[in-house]
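Secondary and tertiary structure notes
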Amino acid sequence: MTRLIRAAAVVTGICTIAVFFMMLILGWPLFSHGHLFALLVGGWNPGSDQFGILPMMVGSTAIAGGALLVGTPLSLGVAFVTAVFARGRMRRVLLSCVRLMSGVPTVVYGFVALIYLVPFIRSQFHSGSGFSILTASLVLGLLISPTMIVLFVNALDGVDPRARRAAAALGATPVQRLLYLQLSEALPGLLSGVVMGLGRAMGDTFISLMLAGNSINMPDGVLESARTLTAHIALVMAVDFHSLEFQSIYLCGFVLYLFTFMLVLILRVVDHRFRRGRVQ
Amino acid sequence: MKRIVFCFAFIAALGCCNAVFAGSALDAFKGQEGVIKVAGGTAHIPVMKEAAKCIARFNPKVIVTVAGGGSGVGIRQVGEGLVDIGDAGRSATEEEISRYNLVQVKWAVDGVGVVVSPKNSVKSLSTEQLQQVFAGTISNWKELGGEDHAIDLYDRDSASGTRAVFVKKALKKGAVNGGANVVVSNGAMKTAIGGDPYGIGYVSVGHIDSTVTPVALDGVVPTIPSVQDGSYPVARGLYSSTRGKATGLSALLLNYLLSPEGQKIVEEKGFIGVK
């Protein structure tokens, strides 16, 4: 049994590394031709042989960042209520709602937003078509919330109960305990929730494909239409397999991969620092 | 329960292909068994689905799976042997044909029409105006006699067959502004335009219904009759390709599409038959 589990872990690890090398090998023509720089900082215009993915990198970052701005406060609020104030049945109901939310397929969020949110955004702001960074960020923020809430709640609950009881014995109200004890103790857990949320937001394809508008221009406002790296891969997938246009999607994959890798790395470093600081 | 299922099957059978009961082009599928995988152009989907339904009703052992993906996907997947039949809303290029040894069959003709929301008062454009709208030099409906509001452009992804024909024959290879929103299928275009009173885009004429309004191009409204008699020029063939000459079930399906019954489905779905 142990052997089986170990084998599963090894296979998963190898797959992750293999994907990295696969993208490197398949995208090699791009890297070796020396126009990597043009691809990374240029615009996208296949008609005149420009295959830069900078607008998509900006689009991805803007939409994922926006989703965090929407999702983090929302999730923190729900997590505070669930972990600190709600007791017994209320807590169970809240948590099962959150789990239910995480089970709703992405396309349902996308479709509902397409029918209701897009026209709403269009009518509220008199510029743009409603397909915009803002629209995608709002929905994506909602979408990543369940992941963040569950991690936040776990982090807040994980604070040593003895410390909590001690604080209570000193006369701290639940709000004081939350603010001065649990928040600072649970910081690494909260941070990992945010990073996981950001990773999910970066990796999401469907919401941005349906709601962000997918324009190839560099967006210069949150009401502008923009294209994410993931949506770009989905859109370009259909073109001729042997064209440079198609090969550029390996670069998109590569950039996404590196981004996730860096997020995990940051998370590890912060966590490590925190633990070390604790020991000293 | 059984009775309910039977009722549903009966109602469904009434809906289409009464030919099931008479001698018909479907007879060729008698005694056959297997799966035909079809993927590609999204304009083809309604016809392919209907054909699949009729065939499955005649002989449940023959299953036709229909996937979208766009013309580029259709050609590539059939070329690489991932599907049996690849649909494309454009003729495959010389290069694609020679690389994959494709044989293509054209079974319908389809127009590509400019559409706006039914709430929009602009109902007619010249080719020149259309070019300027899509290039972004005309960016307000006011300049076209409509409301004072910015124009929301909607475009398709670059592998779309509908887009290829639109850019070539309606825009005369004119540029499309990079700020245009990009949607992934004819259906998504219809949803986007239907919901956006200031949007302009283009769909296959077969997809035009009450949710969008066709815009006359140089005075000719894109409708099935105007595409049929050639007065509306932005039209293309709907093709299905196989790797090498079609054999087995794929050949039967393509023959069925070209039979009078198949062509009737083509017309029912808003396209123009080739026979």
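Figured I'd write up the structure that's included with this text. Just so we're clear, the structure is a prediction, and the values are computed from it rather than from any experiment.

1. Section: the pattern of salt bridges
Inspection of the entire model under this criterion finds twelve salt bridges over all chains. In this structure, Arg162 of chain A and Asp160 of chain A form a salt bridge, with 3.2 Å as the shortest nitrogen-oxygen distance. For Arg162 of chain A, a relative accessible area of 59% puts it in the exposed group. A salt bridge links Lys53 of chain B to Glu50 of chain B; its shortest N-O distance comes to 3.7 Å. Remark: Glu50 of chain B and Lys53 of chain B occur in helix α2 (residues 45–58); sequence separation between them is three residues, near one turn of the helix. The exposure class assigned to Lys53 of chain B is partly exposed, which follows from its relative accessible area of 43%.

2. Thoughts on the pairing of strand β8 (residues 199–204) of chain B
All names here are of chain B. With six of its six residues buried, β8 lies for the most part within the structure. Pairing geometry for strand β4 (residues 102–116) and β8, over five bridges, is antiparallel. Note that in β8 the partner of Val112 across the bridge is Ser204. Two elements, strand β6 (residues 152–156) and β8, share two bridges in a ladder whose sense is parallel.

3. Quick word on a nonpolar patch on the surface
Residues and elements named next belong to chain A. On the surface, a nonpolar cluster with roughly 650 Å² of combined accessible area is contributed by Val107, Val108, Phe111, Val112, Ile115, Tyr116 and Phe206. Looking at which element gives the most residues to the nonpolar patch, the answer is helix α6 (residues 106–124), with six residues. Locating Phe111 in the fold gives a position in helix α6.

What counts and how
Residues numbered from 1 in each chain as written. Chains lettered and ligands numbered in written order. Predicted model: local features only at pLDDT ≥ 70, side-chain atom pairs only at ≥ 80, totals over all residues. Heavy atoms only, no water. Salt bridge = Lys/Arg side-chain N within 4 Å of Asp/Glu carboxyl O. Buried < 20%, exposed > 50% of the residue type's maximum accessible area, 1.4 Å probe, protein only. Helix = DSSP H or I, 4+ residues; strand = E, 2+ residues; numbered from the N terminus. Pairing = 2+ DSSP bridges. Patch = residues over 30% accessible without salt bridge, like charges linked within 9 Å, V, L, I, M, F, W, Y side chains within 5 Å. Areas by Shrake-Rupley, 256 points an atom, 1.4 Å probe, with all protein chains shown as cover.

Everything listed here is a matter of geometry and, on its own, says nothing about what the molecule does.
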